[in-house]
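Spelled out from the first residue to the last, the chains are:
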Amino acid sequence: MNDPILAPHWLAIVAPKAAPAVATSTVLILGRIWNANGAEHSVGNAALMVVLAAGSATAGAFASAGRAGDSLIAGTAFAASGGLALAGIAGYADGISLPLLLWALATAVAYGLAARYWRTDRRDHIAHERHTIDRRETHAHVERVEALRAGAQIEVARTGAAYAEQLATALITRAALPGFNPQTLTDAGLPELPATTKHE
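Just so we're clear, the structure is a prediction, and the values are computed from it rather than from any experiment. (Residues numbered from 1 in each chain as written. Predicted model: local features only at pLDDT ≥ 70, side-chain atom pairs only at ≥ 80, totals over all residues. Heavy atoms only, no water.)

Caption draft 1: Representation of the side chain of T24. Among the secondary structure elements, T24 is positioned in helix 1 (residues 10-39). Discounting residues that sit within four places of it in the chain, T24 has contacts with L86, W103, A106 and T107. (Helix = DSSP H or I, 4+ residues; strand = E, 2+ residues; numbered from the N terminus. Contact = heavy atoms within 4.5 Å.)

Caption draft 2: Quick look at the layout of surface pockets. Its volume calculated, the largest pocket comes out at about 800 Å³. Around the largest pocket, the lining is made up of 25 residues, and of these G75, F78, A79, A110 and L113 lie nearest the centre. Those elements giving two or more residues to the lining of the largest pocket turn out to be helix 1, helix 3 (71-92) and helix 4 (97-176). Broken down by element, the residue count for the lining of the largest pocket peaks at 11 residues, all from helix 3. (1 Å grid on protein atoms, 1.4 Å probe; cavity = no way out; pocket = protein on both sides within 12 Å on 5 of 7 lines; lining within 4 Å. Points joined across faces, edges and corners; volume = space filled by probe spheres on them.)

Caption draft 3: Structural detail: a nonpolar patch on the surface. Together, I29, L30 and I33 line one region of the surface with nonpolar side chains, adding up to about 300 Å² of accessible area. Among the secondary structure elements, L30 is positioned in helix 1. (Patch = residues over 30% accessible without salt bridge, like charges linked within 9 Å, V, L, I, M, F, W, Y side chains within 5 Å. Areas by Shrake-Rupley, 256 points an atom, 1.4 Å probe, with all protein chains shown as cover. Salt bridge = Lys/Arg side-chain N within 4 Å of Asp/Glu carboxyl O.)

Caption draft 4: Spatial organisation of the pattern of salt bridges. Following the criterion strictly, the structure yields 2 salt bridges and no others. Residue R149 is joined to E146 by a salt bridge in which the shortest nitrogen-to-oxygen separation is 3.0 Å. Of this pair, R149 and E146 both sit in helix 4, 3 residues apart, roughly one helical turn. The class of R149 is partly exposed, set by a relative accessible area of 45%. A residue is classified by how much of its surface remains accessible, and E146, at 41% relative accessible area, is partly exposed. Between E155 and R158 there is a salt bridge, with the nearest N and O atoms lying 3.2 Å from each other. Note that E155 and R158 are positioned in helix 4 at a spacing of 3 residues, about one turn of the helix. By relative accessible area, which is 42% here, E155 ends up partly exposed. Judged by relative accessible area, which is 52%, R158 ranks as exposed. (Buried < 20%, exposed > 50% of the residue type's maximum accessible area, 1.4 Å probe, protein only.)

Structural data, given as structure tokens:
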């Protein structure tokens, strides 16, 4: 049976593409709100964000350099480090130009990293679709061949049964005719008919 074709909702298509911009914009907005609530030129808040960003970057470095080399943990840690650095600058700076510049840079880097994973995911998706189509075509071909073979066998059996029935009818009809001699059929190479018993 064919699987139903489901068209994805437009939000499911747009959401992954908008995620990097939404993430960096959220960090920028929260940083500016933090700036308006007293973080501007606060050395303690800036030092806290520097320590958190450095800690996240160190965790990302250890995750990427470890034996397993877990790219997901490393990417998450580096993204957290960049987000904390952006939030710290957006909260500490008194103007909006530097936070906007860093927001644009962070968004570009996020899209650059995401594009690589999108390409890999698309390549895997296309390979999976091709494999599925090849497997379905192979199964369909095998089903067609088996259906043709079964149809041919049924037709041969039907033809043989019809021939046997016609032969039996012809022999019975011939035997009922006057002057029938079974020995003539045997001499002609036809199978010998069973002997008929005469009732006294």
